[in-house]
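Here is what each chain is made of, one letter per residue.
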2 protein chains.
Amino acid sequence: MSAPPHEARPTGPGRALPDTQQGMRRRNLARVMHAVSAEGPLSRAAVASHIGLTRAAVSTLVDELIRTGLLEELGPERPGRVGRPGSALAVSGRGPAGIGGEIGVDHLAVCAVDLRGEVRARAVRHGTNRGRAPEPVLRELTGLVRRVVADGEREGLWPAGLAVAVPGLVGRDARTVVRAPNLDWHDVDLSTLLPGEFPLTVDNEANFGGLAELWLGAETPRDFLHVSAEIGIGAALVVDGSLLRGTRGFAGELGHVPVHPDGPDCVCGSRGCLEQYAGEEAVLRAAGLELGEDRVGLLARRAADGDERVRRALREAGTALGVALTGALNLLDPEAVVLGGALAGLAPWLLPSLESELAHRTAGPPCPVSVSRLGPEGPLLGAAHSVVRAVLDDPAGIAGWR
Amino acid sequence: MSAPPHEARPTGPGRALPDTQQGMRRRNLARVMHAVSAEGPLSRAAVASHIGLTRAAVSTLVDELIRTGLLEELGPERPGRVGRPGSALAVSGRGPAGIGGEIGVDHLAVCAVDLRGEVRARAVRHGTNRGRAPEPVLRELTGLVRRVVADGEREGLWPAGLAVAVPGLVGRDARTVVRAPNLDWHDVDLSTLLPGEFPLTVDNEANFGGLAELWLGAETPRDFLHVSAEIGIGAALVVDGSLLRGTRGFAGELGHVPVHPDGPDCVCGSRGCLEQYAGEEAVLRAAGLELGEDRVGLLARRAADGDERVRRALREAGTALGVALTGALNLLDPEAVVLGGALAGLAPWLLPSLESELAHRTAGPPCPVSVSRLGPEGPLLGAAHSVVRAVLDDPAGIAGWR
């Protein structure tokens, strides 16, 4: 799986292409890709009617996309339709793939997703990363990436980029882990420790989890707050289909919203933060359980078995989440809240007190709270799909073009 | 001052024009207007180099803008420059103007701002609007609008639109006041009660105050939180130069962020909201003062005179603001906080405790807090300038074009 050089590093959907004839052509190539990706297989005529260009203009664009291997022709459409039969176009299942990686506190994972959005290869290693130095962790992650890339190559895929989800704050350079308290990493530039032959994007796991929900969730609106937890509690704010990142890239730190301003001291230097009431450690302590592996599974099993101490701990965590979310909803007015990550598995015991708190604290109908179907898979899938989206958003930005 | 019919209602800077030759031309017209507005007077050649188009292309665009009266030629540039002297272009001080209106709890105000950003006419009426029905208030506002429009007409200006700031929540239709508790208005469609001959935009005063800060403030960054107060406490969230409005248009309700979740009941149905500690009424009560006219002036005078009870009340309000802002900063990670509206006048007594709270609750350097120079003028200026910006953003969208 050789990685052709890139004309430019693929970037997010927000990227503005220059307002020239050439920029217009690139944007129109993206429109064709998105139309076929969302609605395909489609004939050239159907693409033209979807995006409002002439059939001739679309044919030129489609020919370019076929030549570069991003679209493929499925052969003539089945007879019986009106008019001359056209060849149906589909997004290619070969060619560029998005490689997603995840550095979890308890595991490493890598997967490859093709332009159709299908996971085509994956590799996982379980075992704690807590307190390990970055170098050995990233060596292991690199090993997994190479394995997944090799698996993809056998199916005709090549990596259009690597995106890595981390449990910590990531700078706006999209490569430096500024602070990951549960790994005890500070100011680690991942780009020097990961394969350099394809474009790299590093982001917070909550952000990739939120993006996964946006792209893959069932009927997810374009304005929502995605709340997730591994050890800490993070949120992704999606506004009109885009992630709100903040000036330094640190937006979404829901875990450090004050819930009881005179409450217990928090690692962040403040007091009474949400994490002191609803973070994994606080909940395990309140439930009388030890901090070990598969903490969420343990909490869920005990709660399901009717352990009243565990249930009360989760109920109180739900109340604290409700207070912090009341503040967030007043500030942001999203259309929905989605609980993802570890919170998804605990939702049955968190939701009643959380929703009751929101109902009591909201004038008018409270914001609906739903549970992600992606659960703990969100960040890894979001990472891989972010690379795929970048290709769809600017097909001419990738290699082999022109 | 006759108002020519509009091709389309001017809309905000976020509006996407269609990606066609015609759309490209409209966007390039906007680029020319913005270049001359920000850097003018400029020669055609200087405009071309600013926006990266050929001199010939720019000349065509400039001719159109002169013909419609949005740009004017100042005559040949002064000699001594290199090359053939060009005629300097400036934004016209005649033609379209933005009409801003403000419905305050204690006053009504209207002003006209020309495309150069200068206030050319204004009218104010003092007196409480608390508990008055919408009809008489809007009749008075209409009277002020007509007076300002007539004053503008004598100077060659015509209204490109009317934008009105209100102390309450406004729906995404930008015309309905959904809830203005301090006026006791609910679901009032202002468009039926204001002059119908030019485009109308209604928005929350905190939003227009934040936009004024963005457009007119001294060195305001593109990511900031603008906090203001009249009776309630509102915030405008500006993200990458755009206002974050929320799904229903209700974003920025900082006043209802819980500070002490078990605190006193709030009108919103929740308990311990920021307004219960830092709202005007709460501060006046804590200071032992009555709710009358010029409440902020009274607080400021007493605090300046050394009244310890007033100072303590403001100190405690600053602490509560610090707690609520800690939550907002963790969620949004803005570059700065700007205190505007009534809060600007009380800043000397609010800031020390507010900043100390932020410093104690923040890992790393706390977000800088500054005080708006626009003070209570912000919402009115923001409203008028929003119309002016809409013209600059899409000059071809206004009348008389083609």
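Counting restarts for each chain: residues are numbered from 1 in the order of the written sequence. Whichever chain is written first is A, and whichever ligand is written first is 1; the rest continue in order. Selection of residues for local features in this predicted model requires a pLDDT of at least 70, selection of side-chain atom pairs for listing and counting requires 80 or more, and totals for whole chains, interfaces and linings are taken over all residues. Each side-chain value is derived from all of the structure's non-hydrogen atoms; neither hydrogens nor water enter the calculation.

*Asks:* Give me the lowdown on the overall build of chain A, citing residues and values where you can.
*Replies:* Numbering goes from the N terminus for both helices and strands, where a helix is a DSSP run of H or I of at least four residues and a strand is a run of E of at least two. Across its full length, chain A holds eleven helices and 15 strands. Rg of the C-alpha trace for chain A: 23 Å, near the compact-globule value of 21 Å for 402 residues, within the 12% margin. Its C-alpha atoms put chain A at 70 × 50 × 40 Å along the principal axes. Each of the 402 residues in chain A was classed as buried or not, and the buried ones make up 59%. The criterion used for residue contact is that any of the two residues' heavy atoms lie within 4.5 Å. Taking contacts inside chain A between residues at least 6 apart in sequence as the whole, the part at least 24 apart equals 63%. Note on method: radius of gyration uses C-alpha positions; expected globular size equals 2.2 Å times residues raised to 0.38. Whether a residue is buried, partly exposed or exposed follows from its accessible area with a 1.4 Å probe, protein chains only, as a fraction of its type maximum: under 20%, in between, or over 50%, in that order.

*Asks:* Give me the lowdown on the pairing of strand E3 (residues 95-103) of chain A, citing residues and values where you can.
*Replies:* Strand residues, when the strand is regular, have side chains that alternate between the two faces of the sheet. Residue and element names in this part refer to chain A. Within E3, nine of the nine residues are buried, which leaves it mostly tucked inside the rest of the structure. DSSP-based pairing: two strands are paired if at least 2 bridges between them are found. Pairing of E3 with strand E6 (residues 157-166) involves eight bridges; the strand directions are parallel. Bridging from a neighbouring strand, Gly98 pairs with Gly161 of E6. Of the strand pairs in this sheet, E3 and strand E4 (residues 107-114) are connected by seven bridges, and their pairing is antiparallel. Across the sheet, the residue bridging to Gly100 is Cys111, located in E4. Connecting E3 to the antiparallel partner E4 that follows it, the hairpin turn spans three residues.

*Asks:* So what's going on with the interface of chain B and chain A? Which residues, and what values?
*Replies:* Counting residues at the interface gives 46 residues for chain B, matched by 46 residues for chain A. Counting each side, the surface lost to burial between chain B and chain A is near 3700 Å², with a carbon and sulfur contribution of 52%. The term salt bridge refers to a side-chain nitrogen of Lys or Arg lying within 4 Å of a carboxyl oxygen of Asp or Glu. Here chain B is connected to chain A by two salt bridges. Residue A:Asp333 pairs with B:Arg248 through a salt bridge whose shortest N-O separation is 2.8 Å. The definition of a polar contact used here is a pair of N or O atoms within 3.5 Å, where within protein one atom must be able to donate a hydrogen and the other to accept one, and adjacent residues in sequence count solely through side-chain atom pairs. Here chain B is connected to chain A by 24 residue pairs in polar contact (both at pLDDT 80 or more). Counting only elements with at least two residues in the side of chain B that touches chain A, the list comes to helix H1 (21-39), strand E12 (233-239) and helix H9 (308-332) of chain B. The element contributing the most residues to the side of chain B that touches chain A is H9(B), with seven residues. The term buried area denotes the loss of accessible surface (1.4 Å probe radius) that occurs when two parts are joined, taken as the sum for both partners.

*Asks:* Give a detailed account of the domain arrangement of chain A, specifying residues and quantitative values.
*Replies:* Residue and element names in this part refer to chain A. Domain assignment breaks chain A into domain 1 (21-94), domain 2 (95-210 + 379-390) and domain 3 (218-373). Residue ranges for the domains trace back to a domain assignment, done automatically or taken from a database. Put simply, the middle of domain 2 and the middle of domain 3, counted by C-alpha atoms, are 25 Å apart. Facing 20 residues of domain 2, the contacting portion of domain 3 comprises 21 residues. With both chains or domains summed, domain 2 and domain 3 bury close to 1600 Å², and 48% of this area falls on carbon and sulfur atoms. Sorting the residues of domain 2 by area buried against domain 3 places Leu169, Arg172 and Asn207 first, and these three jointly supply 32% of that buried surface. In this structure, Arg245 and Asp203 form a salt bridge, with 2.6 Å as the shortest nitrogen-oxygen distance. Those elements giving two or more residues to the side of domain 2 that touches domain 3 turn out to be strand E7 (169-170) and helix H5 (205-216). Element by element, the count of residues in the side of domain 2 that touches domain 3 is highest for H5, at five residues.

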